[in-house]
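Close look at the chain arrangement
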Amino acid sequence: MSLWLTVIAAGIATFVIRLSFIGMAGRIAIAPWFERMLRFVPIAALTALVWPDLLLASGAATLGEPRLLAGLAAACVAWQTRNTLLTIAVGMMILWGMQWLQ
Amino acid sequence: MLAGAIPFGLIYGVLAVKAGMSPLLAIAIASIVFAGSAQFMLTQLVAAATPGALMVLSVFVINLRHALYSAALADKLQPLSLRWKALLAYLLTDEAYAAVIRRFDSNVSPGTRHWFLFGAGFGLWFVWQLACVAGVLLGGQIPAHWSLDFAGTLTFIAIVVPLLRDRATWAAMFVAGLVSLLAFALPYKLSIIAAALAGMTAGVVLDHPREAA
């Protein structure tokens, strides 16, 4: 039940963000410092989820760790191709391959 | 734009079930929150039994970028009624914004251009709901040893890496990553908020000199 309330609150928060400036009908302009900060939100928030999964998922960080290697390879694919689906596909293939070898 | 959303909806649905959500909740999130990366984030946070307040705060932070879209569209949507504004705000996703922003700048007649946003937004909404439902149904069939939770992490990598364009964005990534590791032992998954704030701060600090120049 509390999970439902959490989700509804998250939905309201998202809706309020999206409505913010539209709802204020142009009476308030976006502050330059706020706009500058927003550029870094997805990078910072998503990286905070990625690094622990790559480096701490199995308890200790070593280069032989499947998630770390698969994640680094996926990052290279993302860098070269900017293709999200290809990035996911390569990352999963490498993870499965390494798990199969172990 | 529409077909591209299908695989992500499928993956979300699978991850949500694997995270332990009830099928009904997993499907409801797709229309209550209706934001891809926030939904992926929620599956990870639910799997880690994160307290509710921190889940809401995390979703708030990751969706803050939508304020940019709202600001960019505010002028153009100003003549509409509040109901229209609320409906379009609900449908305002990354994809819908990207699809309409150039059209809004061209010489489409002002009286009809909100229909473009509605069309893009509702089309995506509809496809997204179907894909998420399909993913939830599929999720029950996929064995745990497939490690499909990793697809969420890979999706985040695919979003972040193309955004790394200069010193400031690289710094935001490294600082957020380091803090997420150093603060990992903090209770209630506070490490996510700490890392996000540290990364944003690092980015803004390094960004500033170039902006001023």
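See the structure above.
I will try to describe carefully the structure that is included in this document. (Residues numbered from 1 in each chain as written. Chains lettered and ligands numbered in written order. Predicted model: local features only at pLDDT ≥ 70, side-chain atom pairs only at ≥ 80, totals over all residues. Heavy atoms only, no water.)

1. Side note on the pattern of salt bridges
Under the criterion given, the structure shown has five salt bridges over all chains. Between Asp 166 of chain B and Arg 39 of chain A there is a salt bridge whose closest N-O contact spans 3.5 Å. Of this pair, Asp 166 of chain B sits in the loop between helix 9 (150–160) and helix 10 (167–182) while Arg 39 of chain A is found in the loop between helix 2 (32–38) and helix 3 (41–55), placing the two residues in two different chains. By relative accessible area, which is 25% here, Arg 39 of chain A ends up partly exposed. (Salt bridge = Lys/Arg side-chain N within 4 Å of Asp/Glu carboxyl O. Helix = DSSP H or I, 4+ residues; strand = E, 2+ residues; numbered from the N terminus. Buried < 20%, exposed > 50% of the residue type's maximum accessible area, 1.4 Å probe, protein only.)

2. As for the environment of Arg 65 of chain B
The topology assignment puts Arg 65 of chain B in the loop between helix 4 (52–63) and helix 5 (66–77). When its relative accessible area of 9% is taken as the criterion, Arg 65 of chain B is described as buried. A sequence separation of 29 residues divides Arg 65 of chain B from Asp 94 of chain B, and the C-alpha atoms of the two residues are 9.0 Å apart. When residues no more than four places from it in sequence are discounted, the contact partners of Arg 65 of chain B are Leu 38 and Pro 42 of chain A together with Ser 37 and Asp 94 of chain B. In this structure the side chain of Arg 65 of chain B is engaged in a polar contact, spanning 2.4 Å, whose partner is the backbone oxygen of Ile 62 of chain B. (Contact = heavy atoms within 4.5 Å. Polar contact = N/O pair within 3.5 Å; in protein donor to acceptor, adjacent residues only side chain to side chain.)

3. A closer look at the environment of Pro 52 of chain A
Assignment of secondary structure puts Pro 52 of chain A in helix 3. For Pro 52 of chain A, a relative accessible area of 9% gives the class buried. Along the sequence, Pro 52 of chain A and Pro 66 of chain A sit 14 residues apart, while their C-alpha atoms lie 14 Å from each other. Beyond its immediate chain neighbours, meaning those up to four positions away, Pro 52 of chain A contacts Thr 47 and Ala 57 of chain A together with Ser 180, Leu 181 and Phe 184 of chain B.

4. Structural notes on helix 10 of chain B
Given 3.6 residues per helical turn, the α-helix brings residues three or four places apart onto the same face. With 16 residues, helix 10 of chain B should cover 22 Å at 1.5 Å per step; its first-to-last C-alpha distance of 22 Å lies within 8% of that length. Taken together, the buried positions of helix 10 of chain B are Ala 168, Thr 169, Ala 171, Ala 172, Met 173, Ala 176, Gly 177 and Ser 180 of chain B. (Expected span 1.5 Å × (residues − 1).)

5. Comments concerning the nonpolar core
Among the nonpolar cores identified, the biggest contains 79 residues, and Met 92 of chain A together with Tyr 12, Met 21, Ile 29 and Val 33 of chain B are the most heavily contacted of them. Top element by residues in this core is helix 3 of chain A. It accounts for 11 residues. Counting 14 residues, the second largest nonpolar core, distinct from the first, contains Leu 73, Leu 77, Tyr 97 and Ala 120 of chain B. (Core = buried A, V, L, I, M, F, W, Y, C linked by side-chain atoms within 4.5 Å.)

6. Digging into unusual backbone geometry
Outside of glycine, negative phi angles account for most residues, and trans bonds account for most peptide bonds. All names here are of chain B. The residue Ala 49 is not glycine, and still its phi comes out positive at about 55 degrees. As for its position among the elements, Ala 49 is in the loop between helix 3 (36–47) and helix 4. Since its relative accessible area comes to 67%, Ala 49 is described here as exposed. Not every positive phi belongs to a glycine, and Ser 147 is a case in point at roughly 55 degrees. Checked against the element boundaries, Ser 147 lands in the loop between helix 8 (113–139) and helix 9.

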